[in-house]
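Residue strings, one per chain:
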Amino acid sequence: MNQPGSSHEAIIVLDFGSQYTQLIARRIREANVYCEILPFNAPAETVASRKPKGIILSGGPASVYDKDAPKPSFNILEETDCPILGICYGLQVIASDLGGEVLPSNNREYGYARLFISERESPIFKDLPGEMDVWMSHGDQVTKIPPGFRVTAHTEGTLNAFEDLSGRIFGVQFHPEVAHTPFGGRILQNFLFRVCRVSADWSPRTIIAEQIQIIKSLVGDEKVICGLSGGVDSTVAATIVHEAIGDRQTCIFVNTGLLREGEFETTCALFKQKMSLNVIGIDEEGEFLSALRGVTDPEDKRRVIGKLFIDTFEREAGAIGNVKFLVQGTLYPDVIESTSVRGPSAVIKSHHNVGGLPERMRLRLIEPLRELFKDEVRIIGRELGIPEEFLSRHPFPGPGLAVRVIGEVNPEHLRIVRDADRIIEEELRLAKLYDSVWQAFPVLLPIFTVGVMGDFRTYERVVAIRAVTSADGMTADWARLPHDVLARLSSRLISEVRGINRVVFDVSSKPPSTIEWE
Ligand code: XMP
């Protein structure tokens, strides 16, 4: 597809590996400014091709004096002419590259600190209080600023912000992008609008309009397929493509037998009636369940399921004829992960996103959401009139309930997790907690424990409740569900779901655990 965001004035964030890099991008986009994250060593030509109105150097875990410390691939003073803001490690890169000095600090600063601004007329601190709380996370410190710079703020005895006297290059040691720096958004906006003078022309509405134009001209008179999962991303992607080319897109929604209760029927109906999508619902339950018989290894399950999806799409696309494109709901975090300073991440789970299909069928990809974060996708979904029941639904993995049955997947095990899933959703909605947790679901464990029901001994299975809060699924914390909600869940699960006599609650965060158990 076209150069991302080429019609917008852009801010570039060079990623030095900070856990907060994506947050910087979000804060900028919240100010309606287009922003792209590039790896720290992006060549000067790549950066210049975006015609940036400003460049932000992110934080990162390295020390600038390390032998292999990540550095920009170009001289920031001589090979750029736009404003630059260095954050944390980014400030240290500026200091060390432009003739200052960075050393390990005796006074490592983590968490809150009080910032004192000494140069109140500095454009990035304009109209802000002279002191404020900021969030720090660093072990090194700038001991000498580069020639032609001045210190603009400090924390307890330590230099914390500087700028060059010409007003083009700025550095802050604290993190303005995190919520723990209450004036951080204002500082970033000062940089964007007072220093870079960038236009605020990025909004969901402009993205939809742009994508529709791009898809129209890309697809011409050809045909397109889209695999719907029932989740938010594929639904929004399909709806944008539908606006562009109407019924030349065929959406395929497969009943794998691994969906939640009633999901196949209600979702198909909603797609057709409320959203006028051209949808084929295909019932493949028998095929999926027989292919999964005896399969217990999580990666084997994912492979079996991925292959069956591919076979199904390939067969259906063959029947439609002349299909040249595949629509996918890839999001921006997926795109950055493979290019960031951390390098392609190790395969932890083979996520099913119809991988393999494009090559096998020589399809070209259409990914209308590849510049967006999940919350932006939800906003766009609302603009497109997609019913709220879709947009607010908890994410659901492609391999479905198969990765929530530990061990063999069979109709009896699926009945247990499906019944348990319905109860968990009902209770969370009743407690008005559904929207504040990222995901909540049952996991069926492959062990039996002893219980007593009435006067009888029971020897039955265990269900674990997994409930997490998260901003994007990449990191997560276990949700602090109130005890009375847990009590109701436990009592309903054991009395209403045949085959279990014990409920446990998962209190692991991600990392080190993952959200799904397999
Ligand atoms: P994990 O378990 O890796 O999950 O912490 C992170 C998020 O991704 C979802 N997930 C998947 N989504 N295909 C998907 O489309 C998959 O194969 C898959 N596996 C996990 C998971 O539900 C969580 O939201």
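Not measured: the values here are computed from a predicted model. (Residues numbered from 1 in each chain as written. Predicted model: local features only at pLDDT ≥ 70, side-chain atom pairs only at ≥ 80, totals over all residues. Heavy atoms only, no water.)

(A) Quick look at the overall build of the protein. When helices and strands are counted, the protein shows 15 helices and 18 strands. A globule of 518 residues ought to have a C-alpha radius of gyration of about 24 Å, and the protein, at 26 Å, matches this closely. With the C-alpha coordinates of the protein rotated into their principal frame, the extents come out at 80 × 65 × 40 Å. When contacts within the protein are restricted to residue pairs at least 6 apart in sequence, those whose partners lie at least 24 apart make up 77%. Of the roughly 22,100 Å² of accessible surface on the protein, 51% is carried by carbon and sulfur atoms. Distance between charge centres in the protein, computed from 57 positive and 70 negative side chains, equals 2 Å. (Helix = DSSP H or I, 4+ residues; strand = E, 2+ residues; numbered from the N terminus. Rg over C-alpha atoms; globule rule 2.2 N^0.38 Å. Contact = heavy atoms within 4.5 Å. Areas by Shrake-Rupley, 256 points an atom, 1.4 Å probe, with all protein chains shown as cover. Lys, Arg positive; Asp, Glu negative; His and termini not counted. Charge placed at Lys NZ, Arg CZ, Asp CG, Glu CD.)

(B) Structural detail: the pattern of salt bridges. Under the definition given, this model contains 40 salt bridges. A salt bridge links arginine 194 to aspartate 127; the nearest nitrogen and oxygen atoms lie 2.8 Å apart. Here arginine 194 is found in helix H4 (residues 184–196), whereas its partner aspartate 127 is found in the loop between strand S5 (101–117) and strand S6 (131–144), with 67 residues between them in sequence. The class of arginine 194 is partly exposed, set by a relative accessible area of 34%. Within this structure, Glu261, Glu412, Arg415, Asp419, Arg422, Glu426, Glu427, Arg488, Arg492 and Glu496 form a network of salt bridges that share partners. (Salt bridge = Lys/Arg side-chain N within 4 Å of Asp/Glu carboxyl O. Buried < 20%, exposed > 50% of the residue type's maximum accessible area, 1.4 Å probe, protein only.)

(C) Quick peek at the domain arrangement of the protein. Domain assignment breaks the protein into domain 1 (10–195), domain 2 (204–391) and domain 3 (404–505). Put simply, the middle of domain 2 and the middle of domain 3, counted by C-alpha atoms, are 28 Å apart. Tallying the contact residues gives 15 residues for domain 2 and 13 residues for domain 3. Taken together, the two surfaces of domain 2 and domain 3 that pack against each other cover about 1,100 Å², and 57% of this comes from carbon and sulfur. A per-residue breakdown of the area domain 2 buries against domain 3 is headed by Arg260, Glu261 and Lys301, which together make up 37% of the total. One salt bridge connects glutamate 261 with arginine 422, and the closest N-O pair in it is separated by 3.1 Å. Connecting domain 2 to domain 3 are six residue pairs in polar contact (both at pLDDT 80 or more). Counting residues per element, the ones that place at least two in the side of domain 2 that touches domain 3 are helix H8 (285–292) and helix H10 (332–337). Considering only residue class, the side of domain 2 that touches domain 3 consists of six nonpolar, three polar and six charged. (Domains from an automatic or database assignment. Buried area = accessible area lost by both parts, 1.4 Å probe. Polar contact = N/O pair within 3.5 Å; in protein donor to acceptor, adjacent residues only side chain to side chain. Nonpolar A, V, L, I, M, F, W, Y, C, P; charged D, E, K, R; others polar.)

(D) Seen up close, the environment of alanine 200. Note on placement: alanine 200 falls in the loop between H4 and helix H5 (204–219). Linking alanine 200 and glutamate 30, residues 170 residues apart in sequence, is a C-alpha distance of 9.6 Å. Apart from residues no more than four positions distant in its own chain, alanine 200 is found in contact with Ala31, Asn32, Val33 and Phe193.

(E) Main features of H5. Between its first and last C-alpha, H5 extends 22 Å over 16 residues, near the 22 Å set by a 1.5 Å rise per residue. Turning to H5, its buried residues number three or more, namely Ile207, Ile208, Glu210, Gln211, Ile212, Ile214, Ile215 and Val219. Those residues of H5 hidden inside the fold are in contact with strand S10 (223–228), helix H6 (232–245), strand S13 (323–327), strand S14 (364–366) and helix H12 (374–383). (Expected span 1.5 Å × (residues − 1).)

(F) Just the packing of aromatic side chains, in detail. Across all of its chains, the model carries 13 aromatic pairs by this definition. Aromatic rings pair up to connect Phe253, Phe264, Phe271 and Phe390 into one cluster. Arginine 26 extends its terminal NZ or CZ atom over the ring of phenylalanine 373, reaching a point 5.3 Å from the ring centre. (Phe/Tyr/Trp six-rings, centres within 6.5 Å; stacked < 30°, edge-to-face > 60°. Lys NZ or Arg CZ within 6 Å of the ring centre and 35° of its normal.)

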